[in-house]
Amino acid sequence: MADTKQVDESADAKQAAKAERKAARLAKQINAFAKQHGGAEGQIAYIGERGARIVLVGEDGGWGDLVAPSVAVAGLAVAKAGITVHETFDGEFAAKVKTGPYEWTRMAGIQVGGPKNG
């Protein structure tokens, strides 16, 4: 039985190291985004089996997102990056996002002045 425990601990250690490396890569990307946009804030959203989405909003209103393999890895990444994380994407945080013609075309469709479909 001790052999099985040793194998499990080894596998767990490998998984933890892999998660740590992924979080470090994501933190590097978050920091690059923040540098480009004068700072950044974020929000983590669970997206099911795929993992978690880290939505980033820069001080200049620019925005983007990253996908992490889990909420835990996303949380570790934003902690490493040192950004403010919001529980929800609403209120003052959401109001910081600046959108342009591309976003209106992609998101609004025919509802609010987007291109006619069909």
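Use the structure listed above.
My aim in this report is to walk through the structure given alongside it, one point at a time.

How each quantity is defined
- Residues numbered from 1 in each chain as written.
- Predicted model: local features only at pLDDT ≥ 70, side-chain atom pairs only at ≥ 80, totals over all residues.
- Heavy atoms only, no water.
- Core = buried A, V, L, I, M, F, W, Y, C linked by side-chain atoms within 4.5 Å.
- Buried < 20%, exposed > 50% of the residue type's maximum accessible area, 1.4 Å probe, protein only.
- Helix = DSSP H or I, 4+ residues; strand = E, 2+ residues; numbered from the N terminus.
- Contact = heavy atoms within 4.5 Å.
- Pairing = 2+ DSSP bridges.
- Axes fitted to C-alpha atoms, helices over the stretch in contact; angles between N-to-C directions.
- Salt bridge = Lys/Arg side-chain N within 4 Å of Asp/Glu carboxyl O.

As for the nonpolar core
Of all hydrophobic cores here, the largest spans 18 residues; its most connected members are L26, I30, I54 and L56. At the level of elements, α1 (2-36), β2 (52-58), β3 (63-68) and α2 (71-81) are the ones that each hand at least two residues to this core. Considering every element that reaches this core, the biggest residue donor is α1, with six residues. With sequence-adjacent residues up to four places away left out, L26 is seen in contact with I54, L66, V67, A68, V73 and A77.

Comments concerning the sheet that holds β2
Pairing is mixed in the open sheet, where four strands are placed in the order β3-β2-β1-β4. Only two strands of the sheet have a single neighbouring strand rather than two, namely β3 and β4 (84-86). Geometrically, the sheet is characterised by an average inter-axis angle of 30° between neighbouring strands, direction not taken into account. Where strand β1 (residues 40-46) meets β4, three bridges bridge the pair, whose relative direction is parallel. Each bridged residue has a counterpart across the sheet, and for Q43 the counterpart in β4 is H86.

Remarks on the pattern of salt bridges
Applying the stated rule across the entire model yields three salt bridges. The closest approach of N and O atoms between K80 and E20, which form a salt bridge, is 2.5 Å. With K80 in helix α2 and E20 in helix α1, this pair connects stretches of sequence that are 60 residues apart. K80 sits in the partly exposed class, given a relative accessible area of 38%. Take E20: its relative accessible area is 36%, and that puts it in the partly exposed class.

A closer look at the environment of A32
Here A32 shows up in helix α1. Overall, A32 belongs to the partly exposed group, its relative accessible area being 45%.

Points about the side chain of Q43
Among the structural elements, Q43 can be located in strand β1. Not counting residues within four places of it along the chain, the set of residues in contact with Q43 comprises R53, I54, V55, V85, H86, E87, T88, F89 and F93.

Any functional reading would require information beyond the geometric quantities listed.
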